[in-house]
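A closer look at the structure
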Amino acid sequence: NQSNTVNESALPIPPMLKDTNPNPNKAEFHITAQNATKEFISGTKTETMGYNGDYLGPVIRVRRGEEVSVQVENKLKDEMTTIHWHGLEVDGDADGGPHSGIQPGESWTPEFTIEQPAATLWYHPHPERKTGKQVYKGLAGLLFIEDEVSDQLEIPRDYGVNDVPLIIQDKRFNKDGSFEYDLGMHDIMNGLQGNTLLVNGAIAPYLEVPKGMMRLRILNGSNASVYELGFDNNQTFYQIASDGGFFEKPIKMNELKLGPSERAEILVDFSEYNNGDVIQMSNQGVKFLKFSVSVNGASVKQFTIPEKLNPIEKINPEDAVRTRKFVFQGMGPRVNINGKQMDINRIDEQVNLNTTEIWEVSNESGMGMMGGTVHPFHAHGVQFQIIDRDGNPPPLNETGWKDTFLVSPGEKVRAIATFNHSGVFMYHCHILEHEDAGMMGQFQVE
Ligand code: C2O
Ligand code: CU
Ligand code: CU
């Protein structure tokens, strides 16, 4: 009995979703959540969920200033869903949190205006207690915001050629190819961590890259795992953007730590390689994505690493009207924030519209004997700037806009944001099994 084999496959590139509104200042998109099956491992079938396809979803690309409407249809069998625009600054009624349930057979059409700078965001379901399972089965996609800055920077922007998204996720496959969402004790404690990495839904794929500069838009789309990404030959790269957009200037590195839901755009220069050279991306030294350099197709536009990207106006801590404290506590089924688990009928925090606040997030869960768990903090509807970590300035690649940040056991992170959108929003741990267990609360801006 031969064991199942993984065929080496080309990296799938998610399709760019067509805007069906002819008006240049408006955009209209259609998305359908559906059940499907997919062959990840040849000869096996995996039950999945996807948006407009069998796994993951298309890229929705919008522009700053544009009025957007998205018709979201739920064709899932007997299952409620929602669709949340992670990182998008919109009012609560368009945000797609657990209050915006879409019943099977129904649809939901939020409308919003894009008011924030160019960034790589993402969208995923957010139904109460079911987010982990639906994301794990495949419901997730990217949302690109473009603006004058992203148009004019001398960086690669040829989608699928030298501007390529990488959605990295980990799965556990059963012998028959299924990845059932059965949570064992370890998953309840730490969130579901897999043993097989997928990139854009493919196991150990390869990508032919031009002998030149590549822009990779990376999303950690995993339920719970933190990645330490790099290249097998220690190739240097430059991070140019974090969750909410570009840095002031590129940051040189050879290892990138990325928690669940965090994004990073990086530039990698392949111009010094020869035709046929293979460079691999790795997580903690384990290779999972091959880049094979190709001079076919000849004339690629050559780029250098830009000196400057986009100025970021620092939010002044003195403008903050208050400091609000969030404490991650508890373990396993008892994970909570400030001693409370999610109650959809309770508003936990009231924020005044158009004010600036410092949010101080600390992690006091599972300390001592158990070693503790890192929890990624996320809040809806805003982008933060990180002030400090335990009183020290954050690492360089946390000096831009952030909507999700890791908080280690015993650590205290201070972040600042201005709350310009009204409505009810969530804040939570982005380990989806913790979120589903109740490590989430609600804040109302008005
Ligand atoms: Cu990425 Cu509340 O979500
Ligand atoms: Cu979110
Ligand atoms: Cu957590």
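Looking at an unreviewed UniProt entry, the protein carries the name Copper oxidase, with the source organism given as Sutcliffiella cohnii. In UniProt, the protein has this text filed under Sequence similarities (unreviewed entry): "Belongs to the multicopper oxidase family."

**A short note on the overall build of the protein**
Within the protein one finds 4 helices and 31 strands. The C-alpha radius of gyration computed for the protein amounts to 21 Å, which stays within 12% of the reference 22 Å derived for 446 residues, consistent with globular compactness. When its C-alpha atoms are laid out on the principal axes, the protein stretches across 60 × 55 × 55 Å. With 446 residues in all, the protein has 46% of them scored as buried. At a minimum sequence separation of 6, the contacts of the protein that also span at least 24 residues come to 76%.

**Re the confidence of the model for the protein**
Counting all residues, the mean pLDDT for the protein is 95, and 97% of those residues have values of 70 or more. The complex prediction reports pTM at 0.97, with the ipTM value standing at 0.99.

**Some points on the domain arrangement of the protein**
Partitioning the protein into domains gives domain 1 (26-147), domain 2 (163-294) and domain 3 (317-445). Computed from C-alpha coordinates alone, the two centres of domain 2 and domain 3 are separated by 25 Å. Of all elements in the fold, only helix 3 (185-190), strand 16 (237-242) and strand 17 (245-253) reach the threshold of two or more residues within the side of domain 2 that touches domain 3. At 4 residues, helix 3 tops the list of elements feeding residues into the side of domain 2 that touches domain 3. Residue composition of the side of domain 2 that touches domain 3, by class: 10 nonpolar, 9 polar and 3 charged.

**Quick look at the UniProt feature "domain: Plastocyanin-like" (unreviewed entry) in the protein**
The UniProt record annotates "domain: Plastocyanin-like" (unreviewed entry) at residues 34-148 and 328-446. As annotated, residues 34-148 comprises 7% helix and 37% strand, and the C-alpha atoms at either end are separated by 35 Å.

**Comments concerning the nonpolar core**
With 107 residues, the main nonpolar core has Leu143, Ile168, Val199, Ile218, Ile240 and Ile266 as its most contacted residues. The contacts of Val199, once residues within four sequence positions are left out, are Leu11, Leu166, Ile167, Ile168, Pro205, Phe288 and Leu289.

**Concerning the environment of Ala379**
Note on placement: Ala379 falls in strand 26 (residues 375-379). With 22 C-beta atoms packed within 10 Å, Ala379 lands in the buried category. If we skip the residues at most four places from it in the chain, Ala379 touches Phe425 and Tyr427.

**Thoughts on the sheet that holds strand 22 (residues 320-329)**
With mixed pairing, 5 strands are arranged side by side in an open sheet as 23-22-25-29-27. Each edge of the open sheet carries a strand with a single partner, namely strand 23 (336-337) and strand 27 (385-389).

**Points about the sheet that holds strand 8 (residues 119-124)**
Across the sheet, which stays open at both edges, the 4 strands sit in the order 3-9-8-5 with mixed pairing between neighbours. Edge strands, defined here as strands with exactly one partner in the open sheet, are strand 3 (60-63) and strand 5 (84-86). Averaged over all pairs of adjacent strands, the angle between their axes in this sheet comes to 25°, without regard to strand direction. Here strand 3 pairs with strand 9 (residues 141-146) via 4 bridges, running parallel. Within strand 9, the position partnered with Ile60 by the bridge is Leu143.

**Considering unusual backbone geometry**
Residue Ser261 is not a glycine yet carries a positive backbone phi of 80°. Turning to its location among the elements, Ser261 is positioned in the loop between strand 18 (256-258) and strand 19 (263-269). Unlike most non-glycine residues, Asn338 shows phi in positive territory, near 55°. Inspection of the secondary structure puts Asn338 in the loop between strand 23 and strand 24 (349-351).

Rules used throughout
- Residues numbered from 1 in each chain as written.
- Chains lettered and ligands numbered in written order.
- Predicted model: local features only at pLDDT ≥ 70, side-chain atom pairs only at ≥ 80, totals over all residues.
- UniProt positions renumbered as here; feature names shortened; annotations may be inferred.
- Helix = DSSP H or I, 4+ residues; strand = E, 2+ residues; numbered from the N terminus.
- Rg over C-alpha atoms; globule rule 2.2 N^0.38 Å.
- Buried ≥ 20, exposed ≤ 12 C-beta atoms within 10 Å, placed from the backbone.
- Contact = placed C-beta atoms within 7 Å.
- pLDDT = per-residue confidence, 0-100.
- Domains from an automatic or database assignment.
- Nonpolar A, V, L, I, M, F, W, Y, C, P; charged D, E, K, R; others polar.
- Core = buried A, V, L, I, M, F, W, Y, C linked by C-beta atoms within 7 Å.
- Pairing = 2+ DSSP bridges.
- Axes fitted to C-alpha atoms, helices over the stretch in contact; angles between N-to-C directions.

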